[in-house]
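Residues per chain are reported as follows:
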Amino acid sequence: MAPHKLLLFVLLITTITPPSLANTDSNVTQEQNNQTEKEDVESEDDNLSLEPEELKRYQVNVELKGEPALAQNGQPAAIAEEVGNNAEILPEANTAQQETVKSKEEQEIEDLYNNGTKILKRSRDKNLRKEGYKLLVKAADLGSTKAMERIAYALLFGDQLPQNVTAARDLFDALAENGSHKAQTALGFMYATGIGGSYNQPKALVYYTFAALGGNFVAHMILGYRYLNGINLPQHCEAALVHYRTAAKYVADNVALNGETLPEKVRLTERAGNFSSNGQIMELDLYQYFQLIAEKGDLQSQKAFYYLSKAAEGGSANALGFLGKMYSEGNEAVPQSNEIALIYYRMAAERDNPIGLTGLGLAYLYGKGVSVDYEEALRYFKKAADKGWVDGQFQLGVMHYTGLGVKRDYKIAIMYFHQASQAGHALALYNLAQMYGSGTGVVRSCLTAVELYKNVCERGQWTERFLSAYFAYKENDIDSAFLQYLFLAEQGYETAQSNTAHVLEYEQTSLNLKIDCYHMALIYWNRAAAQGYSYARIKLGDYYFYGRGTKVDYETAAIHYRLAAEQQRSAQAMFNLAYMYEYGLGTEQDLHLARRFYNLAAETSTDAYIPVFLALFKLGAINFIHSVQYTNLSEVWKQIHLDRLLRRHWDLCLIMILSLLLAVLTAYRHG
C-alpha cells in the first residue's frame, strides 16, 4: 500500500477526515493543545541527512512509493512506455510541459509542508492549529514524505494528535519500505522497547543501523550509546566514537557562536515541586518566549529586537551586547551591519560587559567593520575571559589552537577549552573531544572523547522533547509523557532514563507493555545509575532488597548501597547500609560498622539527623537489653567491693544520704 493511501486509512482511524479536518478540534484534547509545539529531529529539514565520510560508501538511492515509478531514462514508467510506442508522434514540448507540471506540484507540496509546520510551531491558537494540520494532511495526501513522517511521530507520541500507536506503526512500516531513515529509527525504537508490537532487539539494531546509514543523527546517538555500554552489542569504544562524532558534528555546526539555551530537563524523581537540576522550571509561556528569541524568522527576530531594545533603553549592558550580535549576524528584523554592530558592542564594552568585549574581539579577529588585528582581538577576549565569560575563554582557546596572533600552544588551548566546557559551552566540548579523539596536545583517550561527544550530542535540537514530555506529564497525559521519555532514554539521556523508570514505578500507563513494569523500570534505573545518578543507584538497591522486578538478593542490594555511599556520598545509602550491617542482611552482622555508617549519614545530611538519632537510640537500647539478659546480677554484686569504693565508713555515708532524703521529703510534704 502506498504511504499516502495508507495515510488516509490512518487518518480515518484517528477520526481526522482529510481534507476538511472536521473532527480535529474535538479529538485534540485540551492537554495536547497546551503542549509545546516543537519541531524536533523527527521533523528536521533535509539538510540534517548529511552522511559522515565513514558511511558515504553505503549510501543508496531509494525510490519513494506513492510517486510514479521511474524508468531508466528518468521518466515515469507509464509515460516512458507510451513514448517508446509513439516516439515519432509525441512532441518534445510535451516532455517539457510534464516537467513543468511536476516541478509546480513539487513546489506546491513543499509550500504546503513548510506553511503547515510554521503554523504549528508558532501558534497555540486552536483554529490556526487546525489550519496547520489541514495543510500537512494535504501535503501528505499529495505524497510528501516529510509530512507523513511528522504525522506518524505525532500519532506515536500523542503530540498534537490523538495518540494511536497502532496507526503510527503502520505508517512507519510503509515509510521505512521507501527508505525513510526517520521511520526506520522509530521502528527500531518500537522493537527495542516492545511498544506497539513484539520485543525484538535484533530487529531494532537492524533498523537503527539502516537509519544511521541513511543519515539519522538520533540513530547515531542510540548506536553510540549501545556500543559505549555494550547494550545488545559488543562493547566497542571506537565504534561508539564514530557514531557520537557524526551526531556531534551536526550539533557543533548548527550551534550559535555565543552558546545556546538548553531546555529544562526536569527530574520527576525530585517530587517536591518537581524542581529541575538548577532549581527552576520554565513555564510554557516563558519557554515559548525564549524560543521566539532563539529562533530565526520574521516574527521571532522582531520579538527579540523589541524586547532587547526596551532593555537597552533601560540601561541593560547585556541587551546592548545582544543587539550588537543581532546586527552582526543580520536577520529579518534588522539588516546585517557591521558598523551598527560595532556601535552597540562598544557601548556594552564601555560598561565592561563581557558580551560587548567578546563582540569586539570577534570583529577584530575576522575583520568585521575594522581591520584584522589579532592583538586587539586577544586583548578583548582576555578581558571577557577574566570576567568568567565562557565565550571569551573559548575564543582564547581557538586562538592558541590555531596560532592566530600568538604562538600555537595546544596545552594553553586545552586549558581554555576546559574552562569554557565547565559552563557547558558546546563548541568548547566539541573541540576538546576532537583533541582527545585524535591525541592532539594530549594523550589520546577514546573513552574521554566519547563522553565529550556524547555531551555535545545531548545539546542538540532533539533535547526540546524534554519539555513536551514534561508538560504532558504535568497535564496527566501519562502515555504521551512515558513514550517521549522512553525515546529520549534510548538516546542515552540519564535524566530521561530515571524519569522513564519513575513513570513505570509510580504511574499507570494504558500502553500494552510486553515486559513487567518493575523489570523494565529496573533496566532504566540501572542505566541511569551507570551514568552516576545516586538516586538511581539507591533504587537498584531497593529493587534487589524487596525483590521488585527480580529476586530478593540482599548481597546485591548491599553492593549498590555501598557504591552510592562511597562514590556519591549519599546519606540515604549510608543509612540503608548501616541497617543491613545491624541485622546482618547481605553481609556479616557488625554493630560497630552499623553505628559508623549511621553517624556518617548524619554528618553527610542534616535531614538524616532525626532518623539516625532514633536508629542509634534503638541500637543502644537493644545492646543494653542484650547485656542485661546475658549478665548474672548476683555475680556482679559480689564483685562490687563497697569498702574499696566508699572506704571504711561506707555505712555512715549511706545513713547520711538516706537521712537527707527523708528530710527533703518531709519538708516537701509540709510545705
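For the structure, check the block above.
Residues numbered from 1 in each chain as written. Predicted model: local features only at pLDDT ≥ 70, side-chain atom pairs only at ≥ 80, totals over all residues. Heavy atoms only, no water.

Trainee: Report on a nonpolar patch on the surface, specifying residues and quantitative values.
Mentor: Nonpolar side chains collect at one region of the surface, where Tyr-609, Ile-610, Phe-613, Leu-614 and Phe-617 lie side by side and expose about 620 Å² of accessible area between them. Structurally, Leu-614 is set in helix α31 (residues 609-629). By relative accessible area, Leu-614 is classed as exposed at 51%. (Patch = residues over 30% accessible without salt bridge, like charges linked within 9 Å, V, L, I, M, F, W, Y side chains within 5 Å. Areas by Shrake-Rupley, 256 points an atom, 1.4 Å probe, with all protein chains shown as cover. Salt bridge = Lys/Arg side-chain N within 4 Å of Asp/Glu carboxyl O. Helix = DSSP H or I, 4+ residues; strand = E, 2+ residues; numbered from the N terminus. Buried < 20%, exposed > 50% of the residue type's maximum accessible area, 1.4 Å probe, protein only.)

Trainee: Could you give an account of the environment of Tyr-207, naming the residues involved and the relevant values?
Mentor: Mapped onto the elements, Tyr-207 comes out in helix α10 (residues 201-213). Each C-alpha atom of the pair Tyr-207 and Thr-185 lies 6.2 Å from the other, and the pair is 22 residues apart in sequence. If we skip the residues at most four places from it in the chain, Tyr-207 touches Ala-176, Gln-184, Leu-187, Gly-188 and Tyr-191. (Contact = heavy atoms within 4.5 Å.)

Trainee: Kindly report on the state of the cysteines, identifying the contributing residues and their values.
Mentor: Linking two cysteines covalently via their sulfur atoms produces the bond known as a disulfide. Here the structure, examined in full by the defined rule, presents 1 disulfide. One disulfide in the model links Cys-237 with Cys-446; its S-S distance is 2.1 Å. When the S-S torsion is -115 degrees, as for the bridge of Cys-237 with Cys-446, the disulfide is left-handed. Taken together, the positions of Cys-237 in helix α12 (residues 237-254) and Cys-446 in helix α22 (residues 446-457) put the pair 209 residues apart, joining distant regions of the chain. Judged by relative accessible area, Cys-446 falls into the buried class, the value being 11%. (Disulfide = S-S within 2.5 Å.)

Trainee: Give a description of unusual backbone geometry that names residues and reports values.
Mentor: The general pattern is negative phi for most residues beyond glycine and trans for most peptide bonds. The phi torsion at Asn-232 lies on the positive side, around 60 degrees, for a residue other than glycine. Within the fold, Asn-232 resides in the loop between α11 (217-229) and α12. Of the residues examined, Asn-232 reaches a relative accessible area of 43% and is grouped as partly exposed. The backbone phi angle of Arg-569 is positive, close to 55 degrees, even though this residue is not glycine.

Trainee: Mind laying out the packing of aromatic side chains, listing which residues take part and the relevant values?
Mentor: Here the structure, examined in full by the defined rule, presents 24 aromatic pairs. Ring geometry for Tyr-153 against Phe-172: centres 5.0 Å apart, planes inclined by 70 degrees, an arrangement best described as edge-to-face. With Tyr-153 in helix α7 (residues 145-157) and Phe-172 in helix α8 (residues 165-177), this residue pair connects regions lying 19 residues apart in the sequence. Ring geometry for Tyr-518 and Tyr-543: centres 5.9 Å apart, planes at 80 degrees, overall edge-to-face. Placement of Tyr-518 in helix α26 (residues 517-530) and of Tyr-543 in helix α27 (residues 534-546) is noted, with a sequence separation of 25 residues between them. Since its relative accessible area comes to 35%, Tyr-518 is described here as partly exposed. Among the aromatic residues, those joined into a ring-pair cluster are Tyr-153, Phe-157, Phe-172, Phe-189 and Phe-487. Across from the ring centre of Tyr-380, 4.6 Å away, lies the NZ or CZ of Arg-379, which sits over that ring. (Phe/Tyr/Trp six-rings, centres within 6.5 Å; stacked < 30°, edge-to-face > 60°. Lys NZ or Arg CZ within 6 Å of the ring centre and 35° of its normal.)

Trainee: If you had to explain the side chain of Asn-178 to someone new, which residues and values would you point to?
Mentor: Mapped onto the fold, Asn-178 is located in the loop between α8 and α9 (181-193). Within the structure, Asn-178 has its side chain in polar contact with the backbone oxygen of Ala-174 (distance 3.2 Å). (Polar contact = N/O pair within 3.5 Å; in protein donor to acceptor, adjacent residues only side chain to side chain.)

Trainee: Describe the nonpolar core, naming the residues involved and giving the relevant values.
Mentor: Nonpolar side chains tend toward joint burial in soluble globular proteins. In this structure, Leu-156, Phe-172, Phe-482 and Leu-483 are the most contacted members of the largest nonpolar core, which totals 139 residues. Beyond its immediate stretch of four places on either side in the chain, Leu-483 contacts Leu-156, Phe-157, Gln-163, Val-165, Phe-189, Ile-195 and Leu-511. Formed by 32 residues, the second largest nonpolar core is a distinct cluster that contains Leu-308, Ala-348, Leu-365 and Val-370. (Core = buried A, V, L, I, M, F, W, Y, C linked by side-chain atoms within 4.5 Å.)

Trainee: Any details on a negative patch on the surface? Residues and values, ideally.
Mentor: Taken together, Glu-105, Glu-106, Glu-108 and Asp-111 make up a surface patch of like negative charges. Within the fold, Glu-106 resides in helix α5 (residues 92-122). A relative accessible area of 46% places Glu-106 in the partly exposed class. (Lys, Arg positive; Asp, Glu negative; His and termini not counted. Charge placed at Lys NZ, Arg CZ, Asp CG, Glu CD.)

Trainee: Explain the environment of Trp-525 to me, and be specific about the residues and the numbers.
Mentor: Mapping Trp-525 onto the fold places it in helix α26. The spacing of Trp-525 and Ala-536 is 11 residues in sequence and 5.1 Å in space, taken between C-alpha atoms. Contact partners of Trp-525, with chain neighbours within four places excluded, come to Thr-269, Ser-498, Ala-501, His-502, Glu-505, Tyr-535, Ala-536, Lys-539, Leu-540 and Tyr-543. A distance of 3.4 Å separates the side chain of Trp-525 from the side chain of Tyr-543, its partner in a polar contact.

Trainee: So what's going on with α27? Residues and values would help.
Mentor: Over its 13 residues, α27 extends 19 Å from the first C-alpha to the last, a length consistent with the 18 Å expected when each residue adds 1.5 Å. The buried fraction of α27 amounts to 10 of the 13 residues, a majority that puts the element mostly inside the structure. Where α27 terminates, the next one or two residues include Gly-547, which has phi positive at roughly 75 degrees. (Expected span 1.5 Å × (residues − 1).)

Trainee: Would you mind going over the pattern of salt bridges in detail, with residue names and values included?
Mentor: By the definition in use, this model includes 15 salt bridges. Measuring nitrogen to oxygen at the nearest pair gives 2.7 Å for the salt bridge that ties Glu-329 to Lys-325. Residue Glu-329 and its partner Lys-325 are located together in helix α15 (residues 317-329), separated by 4 residues, close to a single helical turn. The exposure class assigned to Lys-325 is buried, which follows from its relative accessible area of 15%. For Glu-505, the salt bridge is made with Lys-539, and the minimal N-O distance between the two is 2.9 Å. Taken together, the positions of Glu-505 in helix α25 (residues 494-506) and Lys-539 in helix α27 put the pair 34 residues apart, joining distant regions of the chain. Take Glu-505: its relative accessible area is 12%, and that puts it in the buried class. One continuous salt-bridge network, built from bridges that share partners, spans Arg-226, Glu-490 and Arg-527.

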